[in-house]
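Residue-level structure breakdown
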Amino acid sequence: MRWLDRKLQAARIRRVVPYSSGARTLDIGCADGVLFRSLDDRLAGGVGIDMDQVPASTSKYQYVRGAFPAVLPPGDRFDLVVALAVVEHIPEKDQPGFAGACLAALRDGGRVVITVPSSRVDDILKVLKAIRVVDGMADHQHYGFNPLNAIAVFERAGFKLERHSRFQLGLNNLLVFRKPTSA
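Notes on the structure in this doc start here.

The rules behind each value
Counting from 1, residues in each chain are numbered in the order their sequence is written. In keeping with the model being predicted, local features are shown solely for residues with a pLDDT of at least 70 and side-chain atom pairs are shown and tallied solely at 80 or more, while totals for entire chains, interfaces and linings include all residues. Hydrogens are left out, water is left out, and the side-chain values use all remaining heavy atoms of the structure. Numbering goes from the N terminus for both helices and strands, where a helix is a DSSP run of H or I of at least four residues and a strand is a run of E of at least two. Contacts between residues were defined by any pair of non-hydrogen atoms, one from each residue, lying within 4.5 Å. The accessible surface values rely on the Shrake-Rupley method and a 1.4 Å probe; as for residues, cover is taken only from the protein chains in view. To form a nonpolar core, buried Ala, Val, Leu, Ile, Met, Phe, Trp, Tyr and Cys residues must be joined to one another through side-chain atoms within 4.5 Å. Burial classification: accessible surface area is computed with a 1.4 Å probe over protein chains only, and a residue below 20% of its type maximum counts as buried, one above 50% as exposed, and the rest as partly exposed. Aromatic contacts are taken between Phe, Tyr and Trp rings whose centres are within 6.5 Å, Trp giving its six-membered ring; a plane angle under 30 degrees counts as stacked, one over 60 as edge-to-face, and the others as tilted. At least two bridges found by DSSP between two strands is the condition for calling them paired. Where helices are involved, their axes are fitted lines through C-alpha atoms of the stretch in contact, as for all axes, and angles between N-to-C directions lie from 0 to 180°. One side-chain nitrogen of Lys or Arg within 4 Å of one carboxyl oxygen of Asp or Glu is enough to make a salt bridge. By the criterion applied in these results, polar contacts are pairs of N or O atoms within 3.5 Å in which, for protein atoms, one can donate a hydrogen and the other can accept it, and in which residues neighboring in sequence qualify only through two side-chain atoms.

Attention now moves to the overall build of the protein chain. In terms of regular secondary structure, the protein chain is built from five helices and seven strands. Put simply, the protein chain runs from its N terminus to its C terminus through helices and strands in the order α-β-α-β-β-β-α-β-α-α-β-β. Partitioning the intrachain contacts of the protein chain with sequence separation of at least 6 by distance along the chain shows that 60% fall at a separation of at least 24. As displayed, the protein chain offers around 9,100 Å² of accessible surface, 53% of which is attributable to carbon and sulfur atoms.

A few words on the nonpolar core. Considering soluble globular proteins, one finds that nonpolar side chains tend to be buried as a cluster. Residues Leu26, Phe98 and Phe154 are the most contacted members of the largest nonpolar core, which totals 31 residues. Within the residue set of this core, elements represented by two or more residues are β1 (24–28), β2 (45–50), β4 (78–84), α3 (95–105), β5 (106–117), α5 (147–156) and β7 (172–178). Ranked by residue count, the leading element in this core is α3, at six residues. Once you skip the residues sitting within four places of it in the chain, Phe154 turns out to touch Val87, Phe98, Ala99, Cys102, Val112, Ile114, Phe159 and Phe177. Formed by 21 residues, the second largest nonpolar core is a distinct cluster that contains Tyr19, Val34, Leu35 and Val82.

Okay, the packing of aromatic side chains next. The final tally for this structure, using the stated rule, is seven aromatic pairs. An angle of 15 degrees between the planes, with centres 4.9 Å apart, marks the rings of Phe154 and Phe177 as stacked. Of this pair, Phe154 sits in helix α5 while Phe177 sits in strand β7, and the two are 23 residues apart along the sequence. This pair shows no difference in class: Phe154 is buried, exactly as Phe177 is. One aromatic cluster is present, formed by Phe68, Phe98, Phe154, Phe159 and Phe177 through successive ring pairs.

Looking now at the sheet that holds β7. Pairing is mixed across the open sheet formed by seven strands, whose spatial order is β3-β2-β1-β4-β5-β7-β6. The strands lining the two open edges of the sheet, one partner per strand, are β3 (61–65) and β6 (160–167). Here the strands of the sheet are splayed against their neighbours by 15 degrees on average, with no regard to which way each runs. In the sheet, β6 pairs with β7 via seven bridges, with the strands oriented antiparallel. Note that in β7 the partner of Arg166 across the bridge is Asn173. Packing of α3 onto the sheet brings it into contact with β1, β4 and β5, and relative to β5 it is tilted by some 140 degrees. Seen against the sheet, α5 touches β5, β6 and β7 and runs at an angle of roughly 10 degrees to β7.

With the rule as written, the count across this model stands at eight salt bridges. With its nearest N and O atoms 2.9 Å apart, the salt bridge here joins Asp76 to Arg24. Of this pair, Asp76 sits in the loop between β3 and β4 while Arg24 sits in strand β1, placing them 52 residues apart in sequence. Residue classification places Asp76 among the buried residues on the basis of a relative accessible area of 15%.

Here the focus is unusual backbone geometry. In this structure, Pro69 follows Phe68 across a cis peptide bond, with omega equal to 5 degrees. With respect to the helices, strands and loops of the structure, Pro69 is situated in the loop between β3 and β4. Although it is not a glycine, Ala31 adopts a positive phi angle of roughly 55 degrees. Relative to the elements of secondary structure, Ala31 occurs in the loop between β1 and α2 (34–39).

This paragraph deals with the side chain of Gln95. With respect to the secondary-structure elements, Gln95 resides in helix α3. Among the polar contacts made by the side chain of Gln95, one reaches the main-chain carbonyl oxygen of Val87 at a distance of 3.5 Å.

Shown next as structure tokens:
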């Protein structure tokens, strides 16, 4: 990862802070565990899942290599599910299943915090990658992703949108959804 990649990652992680206090957290797309390292003093523990190499598990955090939800430890429930710069890489046909799996992984009243880019980011990424300012991004997975589609997908899965805001000059979106409590 280059300097700008790390800056963008840190900006996404800062968006999770208001929802993290005491939360047992599932980090989908955990990479090298940076979210858990950054918010360690705020979190109650959690599970990080990534398709690539993951760090060694600790007494507080379990790391699992593979695809969510297939490798999620059975029966584990979370207060917070985090997917930073992940949803836009999931094929559209698989996004409803992803949202449903997030719902199933949460305790009642739990939240999902996701960040997704504006569709304008695709062209910018191509330029930044060409001049070697950023790397670590798969061009073929950026397909003009529309954040409003993510809202619809998560709401259809049963979530209630709690917050939608833009950051990084409007090029990134924060979406926070809450799982309703059972009656």
